[in-house]
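# Observations on chain architecture
The residues making up each chain are set out below.
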Amino acid sequence: MTAKQQWLVVLGIVALLGGGAFAASHFLEDELTSITMGSDAPGFAAATLDTPPRMKSLSDYRGEVVVLNIWATWCIPCRTEMPSMERLFKELGPKGLKMVAVSVDNAGEEEKVRDFVKEYGLTFEVLHDAAGSIQGIYRTTGVPETFVLDRDGVIRKKWIGADDWASDGNRRLLEQLLAQPKS
């Protein structure tokens, strides 16, 4: 094989790889982009714990500051952070904060989720996503994961694992976001 033929083979391989990368990035864009601070929050749908359940989506909270928590009843760190989420909601809920906790417990475990809500005295909105699709939509690595969304639906904080949501830092961030006017 001549040097010219070798270069043509190399160029052919590079073109093939480049075309494949372009196609993958085009067709898999949603799967390849990450959900990080500054990203628009993707939409989701989950059921209320009412009987019969109603579907709620991110658009139901448009224009609001939202703390979106993805959790499960069997998750020990979730149990650790829920009391601080309730304290934060009691303080900032009257100022307009929306706290939305989406359980990814399996289908048929709605009663277990309701019992959890009662046990912890949660007064903020708790939804159930029995299919766990929110985990794929938000590309979570486990539970709990929490996203703070501003009034424009932009992620301002992403937290993996349990946190003290009533801490001074979290409270200051949310108070700043709540102080921004509604558009």
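Below is a summary of the structure that appears in this document. (Residues numbered from 1 in each chain as written. Predicted model: local features only at pLDDT ≥ 70, side-chain atom pairs only at ≥ 80, totals over all residues. Heavy atoms only, no water.)

## A few points about the overall build of the protein chain
Here is the rule: Labels follow the DSSP assignment, with helices taken as runs of H or I lasting at least four residues and strands as runs of E lasting at least two, numbered in each case from the N terminus. Atoms counted for the radius of gyration: C-alpha only. Globule rule: 2.2 Å times residue count to the power 0.38. Each residue gets one of three labels from its accessible area relative to the maximum for its type: buried under 20%, exposed over 50%, partly exposed in between, using a 1.4 Å probe on protein chains only. Surface exposure here means Shrake-Rupley accessible area, sampled with a 1.4 Å probe, where a residue is shielded only by the protein chains that are shown. Just so you know, the count uses Lys and Arg for positive and Asp and Glu for negative, and it drops His and the chain ends. For this purpose, a charge sits on NZ of Lys, CZ of Arg, CG of Asp or CD of Glu.
Scanning the protein chain from terminus to terminus reveals six helices and seven strands. In sequence order, the protein chain lays out its α and β elements as α-α-β-β-β-α-β-α-β-α-β-β-α. The C-alpha atoms of the protein chain give 21 Å as radius of gyration, which overshoots the globular expectation for 183 residues (16 Å, by more than 25%). Across its three principal axes, the protein chain shows a C-alpha extent of roughly 75 × 40 × 30 Å. Relative to its full complement of 183 residues, the protein chain shows a buried share of 41%. Carbon and sulfur atoms provide 59% of the accessible area of the protein chain, an area that totals close to 10100 Å². Taking the average place of the 20 positive charges on the side chains of the protein chain and the average place of its 25 negative ones, the gap between the two points comes to 3 Å.

## Some words on the nonpolar core
Formally: Here, nonpolar core means buried Ala, Val, Leu, Ile, Met, Phe, Trp, Tyr and Cys residues that are tied together by side-chain atoms lying within 4.5 Å of each other. Contacts: residue pairs with any heavy atoms within 4.5 Å of one another.
Ranked by size, the top nonpolar core spans 45 residues in total, and within it Phe44, Leu68, Leu97, Phe124, Val126, Tyr138 and Leu174 carry the most contacts. With residues up to four places along the chain from it excluded, the contact list for leucine 97 reads Val65, Val67, Leu88, Phe89, Leu92, Leu174 and Leu178.

## Digging into the state of the cysteines
Rule in force here: Throughout, disulfides are identified as pairs of cysteine sulfur atoms within 2.5 Å of each other.
Using the criterion set out here, one finds one disulfide in the structure. Disulfide partner of cysteine 75: cysteine 78, at an S-S distance of 2.4 Å. Its S-S torsion of about 85° marks the bond between cysteine 75 and cysteine 78 as right-handed, since a negative value means left-handed. With relative accessibility at 0%, the residue cysteine 78 sits in the buried group.

## Structural notes on helix 4 (residues 110-120)
This is how it is decided: Starting at the helix axis, one direction is taken to each C-beta atom, and the arc is that of these directions.
The complete set of buried residues in helix 4 reads Val113, Phe116 and Val117. For helix 4, the buried positions fall inside an angular range of 100° around the axis, keeping them on one side. When the buried face of helix 4 is taken as reference, the exposed residues oriented beyond 90 degrees from it are Lys118 and Glu119. Close packing links the buried residues of helix 4 with strand 3 (66-71), helix 3 (76-92), strand 4 (98-103) and strand 5 (125-128). One or two residues past the end of helix 4 sits glycine 121, with phi positive at roughly 60°.

## Focus on the side chain of glutamate 64
Tracing the backbone through its elements, the reader meets glutamate 64 in the loop between strand 2 (55-57) and strand 3. Setting aside its immediate chain neighbours within four residues, glutamate 64 contacts Gly96, Lys98, Leu149, Asp150, Arg151 and Lys182.

## Side note on the packing of helix 3 against helix 6 (residues 168-179)
In plain terms, the rule: Here an angle of 0 to 180 degrees is reported between the N-to-C directions of two axes, which are lines fitted to C-alpha atoms, with helices fitted over the stretch in contact. Left-handed describes a crossing in which the near helix is turned anticlockwise from the far one by less than a right angle; the clockwise case is right-handed. Amino acid classes used here: Ala, Val, Leu, Ile, Met, Phe, Trp, Tyr, Cys and Pro are nonpolar; Asp, Glu, Lys and Arg are charged; the rest, including Gly, are polar.
Helix 6 packs onto helix 3 with a crossing angle of 35° between their chain directions and a minimal axis gap of 12 Å. When you trace helix 3 past helix 6, the crossing you get is right-handed. Where helix 3 approaches helix 6, its residues Leu88, Glu91 and Leu92 are matched on the opposing element by Arg171, Leu174, Glu175 and Leu178. Among the residues forming the contact of helix 3 with helix 6, the class breakdown is four nonpolar, no polar and three charged.

## So, the environment of glutamate 125
By the secondary structure assignment, glutamate 125 is in strand 5. Residue glutamate 125 is classed as partly exposed on the basis of its relative accessible area, which comes to 24%. For the pair glutamate 125 and threonine 48, spaced 77 residues apart in sequence, the C-alpha to C-alpha distance is 8.1 Å. When residues no more than four places from it in sequence are discounted, the contact partners of glutamate 125 are Thr48, Lys56, Tyr61, Met99, Val100 and Ala101.

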